[in-house]
2 protein chains.
Amino acid sequence: MANDDKRPLTLRDVSEASGVSEMTVSRVLRNRGDVSAATRERVLQAAKRLGYVPNKIAGALASSRVNLVAVIIPSLRNMVFPEVMSGISAVLEQTDLQPVVGVTDYLPDKEERVLYEMLSWRPSGVIIAGLEHSEASRAMLRAAGIPVVEIMDVDGTPVDAMVGVSHRRAGREMARAILKAGYRQIGFIGTKMPLDYRARKRFEGFTEALAKGGVEIVDQEFYSGGSALAKGRELTKVMLERHPELDFIYYSNDMIGAGGLLYLLDKGYDVPGQIGLAGFNGVELLDGLPRKLASMDACRVEIGETAARIIASRVAGDTEDVQNIVELTPTIAYGDTLKR
Amino acid sequence: MANDDKRPLTLRDVSEASGVSEMTVSRVLRNRGDVSAATRERVLQAAKRLGYVPNKIAGALASSRVNLVAVIIPSLRNMVFPEVMSGISAVLEQTDLQPVVGVTDYLPDKEERVLYEMLSWRPSGVIIAGLEHSEASRAMLRAAGIPVVEIMDVDGTPVDAMVGVSHRRAGREMARAILKAGYRQIGFIGTKMPLDYRARKRFEGFTEALAKGGVEIVDQEFYSGGSALAKGRELTKVMLERHPELDFIYYSNDMIGAGGLLYLLDKGYDVPGQIGLAGFNGVELLDGLPRKLASMDACRVEIGETAARIIASRVAGDTEDVQNIVELTPTIAYGDTLKR
DNA sequence: CTGAAAGCGCTAACAC
DNA sequence: GTGTTAGCGCTTTCAG
């Protein structure tokens, strides 16, 4: 820790302190090429003593190699994405790649800016949520010349690779399960997010399959902001006051669903006899509820893992045996709120 | 989109395409210095047409300026940190600084590696959770020569600046409120995380203040892994079977507390008459519960904002009017589970 | 096994 | 307003 002025240490400082050429110091610090154990030791000592931290900026410029993977997601507050992140991290940790997160807040404009910003650091790959992007964003992704994996959704055409579930199908399957269980007076409660394409696709698939069964949604309600749990309570109450005949409510995510469930249990409803419920995502949270909400696993961790694996293989040059389009299949968890 | 080979575009490409010198192109793209409207337009056109994305690596090396702020946190899955992140983002968005997140999983070793990795990109500042770091980490932070803000906690000595709450004090205050309400048979349920220093400090402050009131904890239980809500249920049950005389349970966080609350309500306990409960954090989730859990706000967003503001000011060179040690004061929310 | 030279793509600091 | 010249701190490449 002898560096008392503010100039950051350079390879040259280590070189001088150890009496070894910069080039050899560089080799030691990167574990590249053969270096005698003796010099290696001297270099390591010197580097440690000085507290040298390599400058990756210079390294990246010289080698045109950047071990960063840009991960672009809409939000960190929706539990879904941290879980995808853990899948990504878990896989990348076994390589020398590192995830770097950018958040778009579901805004296409911001997505464009964040993407631009990240690409300007020349990452080795991009993992980005969703298939809907501005034309400029798609152009950037194509032009970047690096592997790009679009995640979460497979209902659309990717720029390069994609890993996810079909939300349209998820909506359809839930609708079928609900009809099969005999429910007919069905309501829907979701987030008011015109830009949450995946929620929208679920909704579309849902109504489509209901229609095929000759059933139409009785009522629907969209909310924005606030605690999802509280909103679930509130909107469930409102909707049931308006339509006491409802015998099922489908929620666009588990948190509002859980709110609805708590409300109904409070009020002494017979769930799932009198009224059935289902959400989407299969969040861990549900395990602690008095009754387990029916849901559908969105394969979050697996999506992250698969996407990371695709990036890692492509960066490593494995061009074969890399599946570029991976559709994962969510399964219905009936829980205790949906009759079989 | 004329770049069909894989070589990324450079300033030179834009320069040639527009017939303007590289230097002037650079000036236009950075909005620096005076450039005539005409050339500016030509450059912008060319850049856009080619789909040029600047290379920040080269830019950073040449200017030795990196607009990145390293944010190092233990986890993204604990709601607390995404909230701190939004505080940070909200403030940094008004500057040209950008947060970059690194996750340590509460492991000092990993913290060290992540820190090293991030510092090697020469960020303009560091925001790091906690005051406890390996000696090597502290040395790196000191040697980096950039503003460093340690967040969440103020019970200790920072390397540079710190923003947070006193967890020891938080624990003490909760203990006092509990005693004042007349509870005497008190249990504690927390996470089994030897490395969660803040939870430990709360626990220490808690037992200390109880002791001062002549009360000792009747029972305690630590868990790890699994759904916090489910664990809260389970451990509450276990503890009450062992000690039916308990009249209060203090939980190390709101999620397990919520699990306990749901369990007790299920079983028909009179909360807070027969038994009182409190958690920590004041998470939004609580708003949707049948009864509002007593808690203590950890000032998460505000911590993020303040830390970001400190970094931003220091980077901008405002050396004055920057408070380097900021203690925020959490307040008790009595909710419906703690008698006054 | 080690070193010297030549850039990587950009910007600071000067010219003009 | 615009261009020129040197690097930034590393790694690549090629000699020894």
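Remember, it's a predicted structure, so these values are computed and weren't measured experimentally.

What counts and what doesn't
Residues numbered from 1 in each chain as written. Chains lettered and ligands numbered in written order. Predicted model: local features only at pLDDT ≥ 70, side-chain atom pairs only at ≥ 80, totals over all residues. Heavy atoms only, no water. Helix = DSSP H or I, 4+ residues; strand = E, 2+ residues; numbered from the N terminus. Buried < 20%, exposed > 50% of the residue type's maximum accessible area, 1.4 Å probe, protein only. Contact = heavy atoms within 4.5 Å. Areas by Shrake-Rupley, 256 points an atom, 1.4 Å probe, with all protein chains shown as cover. Lys, Arg positive; Asp, Glu negative; His and termini not counted. Charge placed at Lys NZ, Arg CZ, Asp CG, Glu CD. Domains from an automatic or database assignment. Pairing = 2+ DSSP bridges. Axes fitted to C-alpha atoms, helices over the stretch in contact; angles between N-to-C directions. 1 Å grid on protein atoms, 1.4 Å probe; cavity = no way out; pocket = protein on both sides within 12 Å on 5 of 7 lines; lining within 4 Å. Points joined across faces, edges and corners; volume = space filled by probe spheres on them. Near = heavy atom within 4 Å. Polar contact = N/O pair within 3.5 Å; in protein donor to acceptor, adjacent residues only side chain to side chain. Nonpolar A, V, L, I, M, F, W, Y, C, P; charged D, E, K, R; others polar. Parallel < 35°, antiparallel > 145°, perpendicular 65-115°, else oblique. Least-squares fit on C-alpha atoms with pLDDT ≥ 70 in both. Buried area = accessible area lost by both parts, 1.4 Å probe. Salt bridge = Lys/Arg side-chain N within 4 Å of Asp/Glu carboxyl O. Phe/Tyr/Trp six-rings, centres within 6.5 Å; stacked < 30°, edge-to-face > 60°. Core = buried A, V, L, I, M, F, W, Y, C linked by side-chain atoms within 4.5 Å.

Participant: Describe the overall build of chain A, listing the residues and the values that go with them.
Facilitator: The helix and strand inventory of chain A stands at twelve helices and twelve strands. Projected onto its principal axes, the C-alpha positions of chain A cover 85 × 40 × 35 Å. When each of the 340 residues of chain A is scored for burial, the buried share is 55%. Here the analysis covers contacts within chain A between residues at least 6 apart in sequence; of these, 67% occur between residues at least 24 apart. Total accessible area on chain A is roughly 14,700 Å²; 49% of this is exposed by carbon and sulfur atoms. Side chains of chain A carry 42 positive and 45 negative charges; the gap between the two charge centres is 2 Å.

Participant: Give a detailed account of the domain arrangement of chain A, specifying residues and quantitative values.
Facilitator: According to the domain assignment, chain A contains domain 1 (1-52) and domain 2 (167-297). Just the C-alpha atoms count here: the centres of domain 1 of chain A and domain 2 of chain A sit 61 Å apart.

Participant: Please set out the sheet that holds strand β3 (residues 125-129) of chain B residue by residue, giving values where relevant.
Facilitator: Residues and elements named next belong to chain B. Reading across the sheet, the six strands line up as β2-β1-β3-β4-β5-β11 and stay open at both edges, with parallel pairing between neighbours. Lying at the two open borders of the sheet, with one neighbouring strand each, are β2 (98-103) and β11 (325-327). Strand after strand, the sheet turns through a mean of 15° between neighbouring axes, direction not considered. Strand direction decides the pairing type here: strand β1 (residues 68-73) and β3, joined by four bridges, are parallel.

Participant: Tell me about the layout of surface pockets, and please be specific about residues and values.
Facilitator: It is the rolling of a water-molecule-sized probe over the atoms that shows where space remains empty. Estimated volume of the second largest pocket: approximately 960 Å³. Surrounding the second largest pocket, 38 residues form its lining, B:Arg77, B:Asn78, B:Tyr223, B:Ala228 and B:Asn253 being those nearest its centre. Counting residues per element, the ones that place at least two in the lining of the second largest pocket are α5 (80-92) of chain A together with α5 (80-92), α9 (197-212), α10 (228-242) and α11 (254-266) of chain B. In terms of residues, the lining of the second largest pocket owes the most to one element, α9(B), which gives three residues.

Participant: Can you break down the protein's contact with DNA strand C residue by residue, with the values?
Facilitator: Close to DNA strand C lie 23 residues, the nearest being A:Arg27, B:Leu11, B:Ser26, B:Tyr52 and B:Arg65. Sugar and phosphate atoms form 65% of the subset of DNA strand C atoms that lie within 4 Å of the protein. Side-chain polar atom of B:Tyr52 to a phosphate oxygen of DNA strand C: 2.3 Å apart, as the coordinates give it. Contacts to DNA strand C include B:Asn55, whose backbone N or O atom sits 3.4 Å from a phosphate oxygen. Of all elements in the fold, only α2 (22-30) and α4 (56-63) of chain A together with α2 (22-30) and α4 (56-63) of chain B reach the threshold of two or more residues within the surface near DNA strand C. Taken together, the residues of the surface near DNA strand C break down into ten nonpolar, nine polar and four charged.

Participant: Outline the packing of helix α1 (residues 11-18) of chain B against α2(B), supporting the account with residue identities and numerical values.
Facilitator: All names here are of chain B. At a minimum axis separation of 9 Å, α1 and α2 run at an interaxial angle of 105°. With respect to their mutual orientation, α1 and α2 come out roughly perpendicular. Where α1 abuts α2, its residues Leu 11, Arg 12, Val 14, Ser 15 and Ser 18 lie against Glu 22, Val 25, Ser 26 and Leu 29. Along the lines of polarity and charge, the residues of the contact of α1 with α2 split into four nonpolar, three polar and two charged.

Participant: Now, about the protein's contact with DNA strand D: what can you tell me, with residues and values included?
Facilitator: As a matter of local geometry, DNA strand D sits amid 23 residues, with A:Met23, A:Ser26, A:Tyr52, A:Arg65 and B:Arg27 nearest to it. Close to the protein, within 4 Å, the atoms of DNA strand D belong to sugar or phosphate groups at a rate of 65%. One nitrogen or oxygen atom from the side chain of A:Tyr52 is found 2.5 Å from a phosphate oxygen belonging to DNA strand D. Counting residues per element, the ones that place at least two in the surface near DNA strand D are α2 and α4 of chain A together with α2 and α4 of chain B.

Participant: Residues and numbers for the relation of the copies chain B and chain A, please.
Facilitator: The two chain copies are related to each other by a rotation about an axis together with a translation along it. Expressed as a screw transformation, the operator carrying chain B onto chain A has a rotation angle of 180° and an axial translation of 0.0 Å, and the superposed copies differ by an RMSD of 0.0 Å. In symmetry terms, the pair is related by a two-fold rotation axis. It is B:Ile57 whose C-alpha, among those of chain B, lies nearest the rotation axis, at 2.8 Å.

Participant: Quick one: what's the story with the interface of chain B and chain A, residue by residue and with numbers?
Facilitator: Counting from both sides, the interface comprises 49 residues of chain B and, opposite them, 49 residues of chain A. For the pair chain B and chain A, the summed buried surface comes to about 4,600 Å²; carbon and sulfur atoms form 65% of the total. Area buried by chain B at its contact with chain A is led by B:Ile57, B:Trp121 and B:Arg122, which between them contribute 15% of it. The interface formed by chain B and chain A includes six salt bridges. Across the pair B:Arg77 and A:Glu83 runs a salt bridge whose closest N-O atoms are separated by 3.9 Å. Remark: the boundary between chain B and chain A carries 14 residue pairs in polar contact (both at pLDDT 80 or more). Looking at the side of chain B that touches chain A, the elements with two or more residues in it are α4, α5, β2, α6 (108-119), α7 (135-143), α10 and α11 of chain B. Per-element accounting of the side of chain B that touches chain A gives the leading share, five residues, to α4(B). Within the side of chain B that touches chain A, the residues separate by chemical class into 29 nonpolar, nine polar and eleven charged.

Participant: Give me the lowdown on the packing of aromatic side chains, citing residues and values where you can.
Facilitator: Going through the model one piece at a time under the given rule, you end up with 15 aromatic pairs over all chains. Ring centres of A:Trp121 and B:Trp121 lie 6.1 Å apart, and the angle between their planes is 80°; this geometry places the pair in the edge-to-face category. Taken as a pair, A:Trp121 in the loop between α6 (108-119) and β3 (125-129) and B:Trp121 in the loop between α6 and β3 lie in two separate chains rather than in one. Relative accessible area serves as the criterion here: at 9%, B:Trp121 is assigned to the buried category. Note on A:Phe188 and A:Phe222: the rings are 5.9 Å apart at their centroids and 50° apart in plane angle, and the pair reads as tilted. Taken together, the positions of A:Phe188 in strand β6 (residues 186-191) and A:Phe222 in strand β7 (residues 219-223) put the pair 34 residues apart, joining distant regions of the chain. In this structure A:Phe188 comes out as buried when scored by relative accessible area, which is 4%.

Participant: Give a detailed account of empty space enclosed by the protein, specifying residues and quantitative values.
Facilitator: With the rule as written, the count across this model stands at two cavities of 30 Å³ or more. Approximately 80 Å³ is the volume attributed to the largest cavity. Along the walls of the largest cavity sit A:Met79, A:Met255, A:Val283, A:Leu285, B:Met79, B:Met255, B:Val283 and B:Leu285, which together make up its complete lining. The residue inventory of the lining of the largest cavity, partitioned by class, reads eight nonpolar, no polar and no charged. Taken as a whole, the second largest cavity spans an internal volume of roughly 40 Å³. Taken together, A:Leu229, A:Leu262, A:Leu285, A:Leu289, B:Leu229, B:Ala258, B:Leu262, B:Leu285 and B:Leu289 make up the lining of the second largest cavity.

Participant: Before we move on, can you summarise the nonpolar core with the specific residues and values?
Facilitator: One broad rule of soluble globular proteins: the nonpolar side chains tend to lie buried together. Core analysis: the largest hydrophobic core is formed by 64 residues, its most contacted members being A:Ile151, B:Ile127, B:Val149 and B:Ile151. Membership of the second largest hydrophobic core comes to 48 residues, among which are A:Tyr223, A:Leu229, A:Ala258 and B:Leu262.

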